[in-house]
Amino acid sequence: MHITYVLLCLMLLLAGCTGDKSKSETTVLTRPEEPSTLPYRLVMVHRSVMSDQRGHRTSGEILPIDPDRHCEGGSIHLIDNWRPMGGLSSVIFYSDRQGQRAQAHLHLPTKRIQDHLIHDFDGDGQCDLAVTYVTRDTMWLHVMSPENPTLFRLFLASGEDLDENGYWDGQGDLIDLFDVDADGDKELLIDCDANYDLYPRQLICIEPEARQIRWRFDIANIVGEKLKVIRDPRTDQPVLIVPLQSKGNAAVTDIMADTASYVAAFNSDGELLWYRQVGSVFEPATALYADWDGDGYEDVYIQTYLHLDESDPEEAHGSGMVIVDATGRVLDSVVIDTSHLAAWIQPDDLNNDGENEFVHRLSDGRLQIYNSRLERLASVKLPTRIAGPMPIHDFTGTGEPHLLVKTVDRSLWLFDEDLNVVAYLASPPGTPIAWATPTERDGDYSLVLANQERSELFLYEVRPSGTVNFLLRHPWLVFVVVTVPLLVAAILLLLSWRRASRQNLVISAQRDELNHTVEQLTHTQERLVEAEKLAQARKALEISEENFRNLAEYSLQGIIVHQDNKVAFVNSAACELLGRSEEELLGMSDQELIEQVFHPESQTEIGERGQIMNDGGDAPTSDRYEVLINTGKGELRWMEAYSALSTFNGRPAIQVAFADVSDRRLADQALRDREQHYRLLVNSVRALIGLVERDGTIAFLNEPGAIAMGVDPETVVGRTVHDLFPRDAAERQMECVIKALDTGEEQTLD
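Residues numbered from 1 in each chain as written. Predicted model: local features only at pLDDT ≥ 70, side-chain atom pairs only at ≥ 80, totals over all residues. Heavy atoms only, no water.

### Here we look at the environment of Arg686
Thinking step 1. Here Arg686 lies in the loop between helix H8 (662-684) and strand E40 (690-692).
Thinking step 2. Under the relative-accessibility criterion, Arg686 is labelled exposed at 82%. (Helix = DSSP H or I, 4+ residues; strand = E, 2+ residues; numbered from the N terminus. Buried < 20%, exposed > 50% of the residue type's maximum accessible area, 1.4 Å probe, protein only.)

Shown next, in the form of structure tokens:
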């Protein structure tokens, strides 16, 4: 019998040597001594060097166009000019990926191109280029194509040299294109960062179709990775999720500071919906997306580094992952060790099971895969630490996604969905910059690498190894190798099953008798546990109600508890606010309370709310509302109230808390009257009166001024002086505005 089991194990090992790894086990990898034994190999087939007409190597950065951009083009060469101010930087469009066939050579008025983004901005099917740069302390967005050197150009920001290094430190990062308003046209998001000059720091939304700024929002941090537009499950409206990472300097806004990291949510108009702190200074902000609760809407997985209070169910219990929906409501939290955390990769369906998986990179060289429930599926540890981003793509052309990893020793590893190594290349002369595109010659899938300066390109093809080719030529051998061990194992299993079935007949009777005894003991134990729980619940209820009475008695808000259609409890503050004694209020029916206490204009609303809540219907049980009451002293006072379903003496009840807001309402009305008076006064003056901010934004323009300029006063607010006046006139006006703000003195403009 023992020999049979040994043979069975050997056969199963032969047949399933590539089976799944344990979810809790981490496989330690070593560098493959013979990469040719792996299923695939990486072969360099082409090398390109950027050079001028005399054959000298040129500077700059070569950008092979990724076919995922869905536009035609080969590559783009960016060349910065580090000469004194006034020099020109160059952009060269090529029709091929190797940078050999030039289409257009364009120039930009800057020493350095800060960032770039390739996209078909004008809808002609050809790839265009958007760049950001700074010139004379102003930041610009410039969009160009091979046929048109300026599709459009927008002023983004300007700043001051606060750190006194001789120039403004502005940096414009092109994040990507997102359909922020869900209208089918994508908007361009830009991160405006002033670095050590601190301000302005803004998230800017550009409408390429309209060629204008849609909105901008002041931030204290820099924008992190993995922004995404998801849907609000309540309204189905788009919500933009933005990670904001700490840079560790003194920038602040009214609600955020650069000494912490956040994840924030915005609506399509750039209004902040909610934000959540996820870490302190220098700790990254990470957001991932998957449907956690199965409602058909993507939720946000937020990595938090904060050790939070476990007594608060709305917060994570320690550092780990907090899952919220698009409204910011916490759905769940999972504790994950962040001591070696390096980065998460945006979800992708690695194993083609219809659900997305997460790839987790750790600083100690571990690589892990989790499903959307944050259950670990696979884990390996590489010989050295992982460097840089890890693309997921069909590198082999088989329809299966693969994961490409580069380590700090400059080796390339290609993994399948179970983190099995399928290809390895030691120290290639370059860094991956473009992924998995079929070559024009034979359809093999290629990988584009570049040197550190991106002036030299290397084209690699992903090809099946010799072993794989041999098996493809002899498919019958695959059938024999797999089928024979399985057949032998099946025969051995059948023999073992027949012998074991006889023994099971004897064991079965003994097991049934033992199960009956266990069931009786279990039933008795469950009854004892249930009785103990009931006693504990009653004791907890008594303590809770006593605590409620003590807290309510010292509360500054009035509190009334309704039960069985009458007043069951009232605190001292409620008696004082209503001008009635506790004896008058206790036992008073709900109808008597409405007729004697509430003003007639509030009686209908209060009656409807109470009736719906007593019937158990969908009443607005958690919103605030204002009512007018008659106090016992004959005064009319406005109260802000909040009602909610509760329990009292162990039975259902309605709890109402309220406070006097009469003074606030009077102050609000006075403020509205003053604002209306000021607006009538300004609009009655026949002179042009306006308010202009330091950055040139128009905050107010009176009606006579708008008529004189031939514009609508409502539409001109929010636009800049540069939008309404020629460049020279706008600059003269801005000089007067800034001088007036700085000196506090009256300025005159001819």
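### Remarks on the pairing of strand E31 (residues 421-425)
On a regular strand, one side chain projects to one face of the sheet and the next to the other, so that they alternate.
Thinking step 1. Counting buried positions along E31 gives five out of five residues, so the element sits mostly inside the fold.
Thinking step 2. Relative to E31, strand E30 (residues 412-415) is paired through four bridges, and the arrangement is antiparallel. Among the inter-strand pairings, Trp413 is bridged to a residue of E31, identified as Tyr424.
Thinking step 3. Two successive antiparallel strands, E30 and E31, enclose a turn made up of five residues, where Leu419 displays a positive phi of approximately 60 degrees. (Pairing = 2+ DSSP bridges.)

### Points about unusual backbone geometry
Thinking step 1. Pro200 follows Tyr199 through a cis peptide bond whose omega is -5 degrees.
Thinking step 2. Tracing the backbone through its elements, the reader meets Pro200 in the loop between strand E12 (187-193) and strand E13 (202-207).
Thinking step 3. Phi is positive for Arg211, close to 55 degrees, though the residue is something other than glycine.
Thinking step 4. Its place among the elements puts Arg211 in the loop between E13 and strand E14 (212-218).

### Points about the confidence of the model for the protein chain
Thinking step 1. Per-residue pLDDT for the protein chain has a mean of 80; in total, 82% of the residues score no lower than 70.
Thinking step 2. Scored below 50 in pLDDT, residues 313-318 shows 20 contacts in the model against residues more than four places distant or in partner chains. (pLDDT = per-residue confidence, 0-100. Contact = heavy atoms within 4.5 Å.)

### Here's the deal with the pattern of salt bridges
Thinking step 1. According to the stated counting rule, one finds 21 salt bridges in the structure shown.
Thinking step 2. With a shortest N-O distance of 3.1 Å, Arg201 and Asp258 are connected by a salt bridge. You can see Arg201 sitting in the loop between E12 and E13 and its partner Asp258 sitting in the loop between strand E17 (238-245) and strand E18 (260-266), a full 57 residues away along the chain. This pair shows no difference in class: Arg201 is buried, exactly as Asp258 is.
Thinking step 3. One salt bridge in this structure joins Asp742 and Arg694, with 2.8 Å as the shortest N-O distance. (Salt bridge = Lys/Arg side-chain N within 4 Å of Asp/Glu carboxyl O.)

### What about the packing of aromatic side chains?
Thinking step 1. According to the stated counting rule, one finds nine aromatic pairs in the structure shown.
Thinking step 2. The interplanar angle of 70 degrees and the centroid separation of 5.5 Å between the aromatic rings of Trp140 and Phe155 together place this pair among those described as edge-to-face. Here Phe155 lies in strand E10 (residues 152-158) and Trp140 lies in strand E9 (residues 138-144), a separation of 15 residues in the sequence.
Thinking step 3. Looking at Trp140, the relative accessible area reads 15%, which means it is buried.
Thinking step 4. Owing to a relative accessible area of 27%, Phe155 belongs among the partly exposed residues under this scheme.
Thinking step 5. Geometrically, the ring pair formed by Tyr301 and Phe358 is tilted, given 5.1 Å between the ring centres and 50 degrees between the ring planes. Of the two residues, Tyr301 is situated in strand E21 (residues 299-304) and Phe358 in strand E25 (residues 357-362); the sequence distance between them amounts to 57 residues.
Thinking step 6. When its relative accessible area of 0% is taken as the criterion, Tyr301 is described as buried.
Thinking step 7. Phe358 gets classed as buried once you look at its relative accessible area, which sits at 1%.
Thinking step 8. Among the aromatic residues, those joined into a cluster by ring pairs are Trp215, Phe217 and Phe266.
Thinking step 9. The ring of Trp140 carries Arg153 above its face, with NZ or CZ at 3.8 Å from the centroid. (Phe/Tyr/Trp six-rings, centres within 6.5 Å; stacked < 30°, edge-to-face > 60°. Lys NZ or Arg CZ within 6 Å of the ring centre and 35° of its normal.)

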